[in-house]
Amino acid sequence: MNLGKKYRTTPEAYMLLQNGLVAFAEIENHGVRVDKAYLDGAIEQVTTRIGVLEEKIRSDPLYERWRRLFGAKTNVGSPEQLSKLVFGELGYQPKLVTAKTGRAAATEAAFEGIDLPFVKMYFKTQKLRKGLGTYLKGVRRELVRHADGDWYVHPSYMLNSVTTFRSSCSNPNFTNVPTRNKMLAEMVRRCYLPRRGRQLVEIDYSQIEVRISYCYHKDPTLGAYLRDPNSDMHADMAAKLFMLPRSRVSKEARHAAKNKFVFPQYYGDFYPRCAESVWNAIEFQGITTTDGSSIKDHLASKGIKAKGKCDPSERPLAGTFEQHVKDIEDWFWNERFHVHGKWKKDWYASYLETGGFQTLSGFGFNLPLSRNDVINYGIQGDSFQCLLKALTILIPELRRRRMRSVVVGEIHDCVILDCPPDETDDVIELACRVMTEDVPRAFPWVVTNLEVEPEICPVDACWFEKYKGRRTDSGWGIVT
DNA sequence: TGAACGAGCCC
DNA sequence: GTACGCGCTCGTTCA
């Protein structure tokens, strides 16, 4: 043990925070334009829809049992009451428990496979409540009117509240605007507009955390995936996980392998939980191969018929899916990506020895952390430092060129700009150059290629109408 | 009235 | 042996 060692933060790392704050001040000052007429209408409309759904819930036969349980305190928006009704009163088996109190959880995942119209209506309503409360009303509360007569919000960006030295954002939080659920995404993103006659442009780093993890461990197999645009790590993993030839891996199967095995494994999860969640996906979402046959049936034909107990405190039973996922996990870390696997062990061992570490971008950590934190902090923080560095180059450069385009937001690995159409091509070229060339030049520790994906909204269109950008002979166009 | 908790949205 | 990383905001519950 050598716990006397202190890992320092370099002057360069510190200066980037300071310059980053100056960039943030400018982003905050610009603000994002909001469609106030739409917002007011949406609040009214969604409020009505929630009322209608609540009325439907009250007319369901099961509502009477709910009311008998809670009497005057009955609240059709209470997760705890729903949980007590379904798992207590109706006797369904709870699948998940809450962290602190150990009660039956009331998350949507906890009700997966429970086929009651009542429950479906509840979660539909909750989704609308989320959109109304956190997002629509959250935006309206922050509205201010500019001299141009239009309405704006000015999200606050901070660099002092995240342990990994990522940024955070509040009032309103611009970094968690719905995107995955189409209904919510449209409801909320329609609020956000470019300035009149302009268009919103969003430029993302692709796979930045995977690329930055490579800068730490330099695993040659991962390096090959990153350099080869035709390779597809997640589809390859799906093939392995579902014992399929690569040609029979469907989009859904790839998605399940990526989000329920590869990413969780990257962040430090292990096989019992991965097996459970992958199995739930193939069972309840009915995931199929490219020819439409059930993956569950396919696994059965290969001799894997049962999920297994997936209890972390017990050894998996031979022949179960859990044992299969354990085998895949061993292969993943000890063969396929063995250099990355060894790095994780060595990096954590060094932390145990010295009590800290310094990230590639130069931040010193000297504090008690869990194994997963030790492995993840540097990768998460350094990925964001790439974006922050890009902002500190891009924003002064836009001003130096006397351009009217402005940066109006940032979301960990992407930048959002508000551009007059006659500047859009130049801004995209500039931002791409800064992000993929200037940043690696400024950060010698970035030892793999960085890539970006521009997305473009039509002129005067809201943030929901965002399309992949494509470089053509006449400049950047929209792929619809 | 405020804190704790659970839930749900993002990367 | 491992036990999913980092945030913000909201509504409910309860002291």
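Overview of the structure. (Residues numbered from 1 in each chain as written. Chains lettered and ligands numbered in written order. Predicted model: local features only at pLDDT ≥ 70, side-chain atom pairs only at ≥ 80, totals over all residues. Heavy atoms only, no water.)

1. Quick look at the sheet that holds strand E10 (residues 406-410)
Okay, so step 1: Pairing within the open sheet is antiparallel, and its 6 strands lie in the order E10-E11-E7-E12-E13-E14. Unpaired on one side and paired on the other, E10 and strand E14 (475-479) mark the two borders of the sheet. On average, adjacent strands in this sheet sit at an angle of 35° to one another, irrespective of strand direction.
Okay, so step 2: Pairing geometry for strand E13 (residues 467-472) and E14, over 5 bridges, is antiparallel. Bridging across to E14, Arg470 finds its partner in Gly477.
Okay, so step 3: Relative to the sheet, helix H15 (residues 371-400) contacts strand E7 (199-205), E10 and strand E11 (414-419), its axis offset from that of E10 by approximately 165°. (Pairing = 2+ DSSP bridges. Helix = DSSP H or I, 4+ residues; strand = E, 2+ residues; numbered from the N terminus. Axes fitted to C-alpha atoms, helices over the stretch in contact; angles between N-to-C directions. Contact = heavy atoms within 4.5 Å.)

2. A closer look at the pairing of E13
Okay, so step 1: Here strand E12 (residues 452-456) pairs with E13 via 2 bridges, running antiparallel. In the strand pairing of E13, Ile456 is matched with Tyr467.
Okay, so step 2: Counting the residues that bridge the hairpin from E13 to E14 gives 2 residues.

3. Points about the pairing of E7
Within a regular beta strand, the side chains point alternately toward one face of the sheet and then the other, so they alternate between its two faces.
Okay, so step 1: Of all 7 residues in E7, 7 are buried, a share of seventy percent or more.
Okay, so step 2: Burial along E7 is two-sided: the residues Gln199, Val201, Ile203 and Tyr205 and Leu200, Glu202 and Asp204 are all buried.
Okay, so step 3: Of the strand pairs in this sheet, E7 and E11 are connected by 6 bridges, and their pairing is antiparallel. In the sheet register, Leu200 faces E11, and the bridge partner there is Asp418. (Buried < 20%, exposed > 50% of the residue type's maximum accessible area, 1.4 Å probe, protein only.)

4. Some thoughts on the protein's contact with DNA strand C
Okay, so step 1: Residues in close proximity to DNA strand C total 34 residues, the closest being Arg141, Asp269, Pro312, Asp373 and Tyr377.
Okay, so step 2: When atoms of DNA strand C within 4 Å of the protein are sorted by moiety, sugar and phosphate together comprise 67%.
Okay, so step 3: The contact in question runs from a base nitrogen of DNA strand C to an N or O atom on the side chain of Asn176, over 3.4 Å.
Okay, so step 4: Side-chain polar atom of Arg371 to a phosphate oxygen of DNA strand C: 3.4 Å apart, as the coordinates give it.
Okay, so step 5: Every element with two or more residues in the surface near DNA strand C is listed here: helix H4 (79-89), helix H5 (117-141), strand E5 (168-170), helix H11 (271-284) and H15. (Near = heavy atom within 4 Å. Polar contact = N/O pair within 3.5 Å; in protein donor to acceptor, adjacent residues only side chain to side chain.)

5. Details of the pattern of salt bridges
Okay, so step 1: In the structure shown here, the tally under the stated rule is 36 salt bridges.
Okay, so step 2: Here Glu64 makes a salt bridge to Arg67, at a shortest N to O gap of 3.1 Å. Highlighted residues: Glu64 and Arg67, both in helix H3 (residues 63-70), separated by 3 residues, approximately one helical turn.
Okay, so step 3: The partner of Glu314 in a salt bridge is Lys309, and the shortest N-O contact between them spans 3.1 Å.
Okay, so step 4: On the basis of relative accessible area, Glu314 is assigned to the partly exposed category, the value being 35%.
Okay, so step 5: Here the residues in one salt-bridge network are Glu54, Glu55, Arg58 and Arg129, joined through shared partners. (Salt bridge = Lys/Arg side-chain N within 4 Å of Asp/Glu carboxyl O.)

6. Section: helix H2 (residues 36-58)
Okay, so step 1: Look at H2: 33 Å from first C-alpha to last across 23 residues, which is about the 33 Å you get at 1.5 Å a residue.
Okay, so step 2: Tyr38, Leu39, Ala42, Ile43, Val46, Ile50, Leu53, Glu54 and Ile57 are the residues of H2 that are buried. (Expected span 1.5 Å × (residues − 1).)

The values reported here are purely geometric and, on their own, carry no functional implication.
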